[in-house]
Amino acid sequence: PITVSIPFVLTQTPENNLLNFWSEDISHNKEEAANMPASFHSVPPQPIRFLSTTNEGGGEYVLEFATPTDDSDNIAGYEMYASPNPITFETDLSTLQRLAQTQESYHSPLSSGAEEMLFIDNLDPNANYYFAVVSTDMHGNHSEIQEEE
């Protein structure tokens, strides 16, 4: 525990990443005062805009979009998903196929507003796909789903 000021004690619980504040009276009786997430930054990045895809053939696709903004300009990465059915804002991401961009095209996210291109391969060349991309920031916040336009 880290003593904040008497009579409060602050502890961090790694299992659930919470900060716990405890008050303690003169008889050393502890009473939980508050719990809050350890990350105080909870503003997600803006959704990706203008997502478009190009089928390069052979199960290879290119996803293009404008790099989204984040309040601290800290886009850390992208999560890409594919589905044989249309993807909407209500779609549960856990029901979709999560994709990885090709190793050859991997790079850190570009600055806000720049045109981003992510390359994906190893998809069934005989199937039709709908795509969604979610941006993440360095604090673990996720943007909303942006549907393919």
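Residues numbered from 1 in each chain as written. Predicted model: local features only at pLDDT ≥ 70, side-chain atom pairs only at ≥ 80, totals over all residues. Heavy atoms only, no water.

1. Observations regarding the nonpolar core
In terms of nonpolar packing, the biggest core is built from 16 residues, with Leu 63, Phe 131 and Val 133 touching the most fellow members. The set of elements that each furnish at least two residues to this core consists of strand 6 (60-66), strand 7 (75-83), strand 9 (115-120) and strand 10 (130-137). The element best represented in this core is strand 7, accounting for four residues. (Core = buried A, V, L, I, M, F, W, Y, C linked by side-chain atoms within 4.5 Å. Buried < 20%, exposed > 50% of the residue type's maximum accessible area, 1.4 Å probe, protein only. Helix = DSSP H or I, 4+ residues; strand = E, 2+ residues; numbered from the N terminus.)

2. A word on the environment of Gly 59
Within the fold, Gly 59 resides in the loop between strand 5 (49-57) and strand 6. Considering only alpha carbons, one finds Gly 59 and Asp 124, 65 residues apart in sequence, at a separation of 5.3 Å.

3. A short note on the pairing of strand 6
Judged by how many residues are buried, strand 6 sits mostly within the fold: five of seven residues are covered. As defined by bridge partners, strand 5 adjoins strand 6 across six bridges and the pair is classed as antiparallel. Of the residues in strand 6, the one forming a bridge with Asn 55 is Tyr 61. If you look at the hairpin formed by strand 5 and strand 6, you'll find two residues sitting between the two strands, and Gly 58 has a positive phi there, around 65°. (Pairing = 2+ DSSP bridges.)

4. What about unusual backbone geometry?
Phi at Asn 122 takes a positive value of approximately 65°, unusual for a residue other than glycine. Turning to its location among the elements, Asn 122 is positioned in the loop between strand 9 and strand 10.

5. Describing the side chain of Ser 143
On the secondary structure map, Ser 143 appears in the loop between strand 10 and strand 11 (146-147). Aside from chain neighbours lying at most four places away, what touches Ser 143 is Pro 44, Pro 45, Gln 46, Pro 47, Val 134 and Ser 135. (Contact = heavy atoms within 4.5 Å.)

6. Some remarks on the side chain of Glu 116
Residue placement: Glu 116 occurs in strand 9. Of note is the side chain of Glu 116, whose polar atom sits 3.2 Å from the side chain of Tyr 78. The contact partners of Glu 116, leaving out residues within four places of it in the chain, are Leu 63, Glu 64, Phe 65, Thr 67, Tyr 78, His 107, Pro 109 and Leu 110. (Polar contact = N/O pair within 3.5 Å; in protein donor to acceptor, adjacent residues only side chain to side chain.)

7. Overview of the environment of Gln 46
Its location among the elements puts Gln 46 in the loop between strand 4 (30-37) and strand 5. Residues Gln 46 and Ser 143 lie 97 residues apart in sequence; the distance between their C-alpha atoms is 5.7 Å.

8. Details of the environment of Gly 140
Position of Gly 140 among the secondary structure elements: in the loop between strand 10 and strand 11. Look at Gly 140 and you get partly exposed, because its relative accessible area is 45%. The spacing of Gly 140 and Pro 44 is 96 residues in sequence and 8.4 Å in space, taken between C-alpha atoms.

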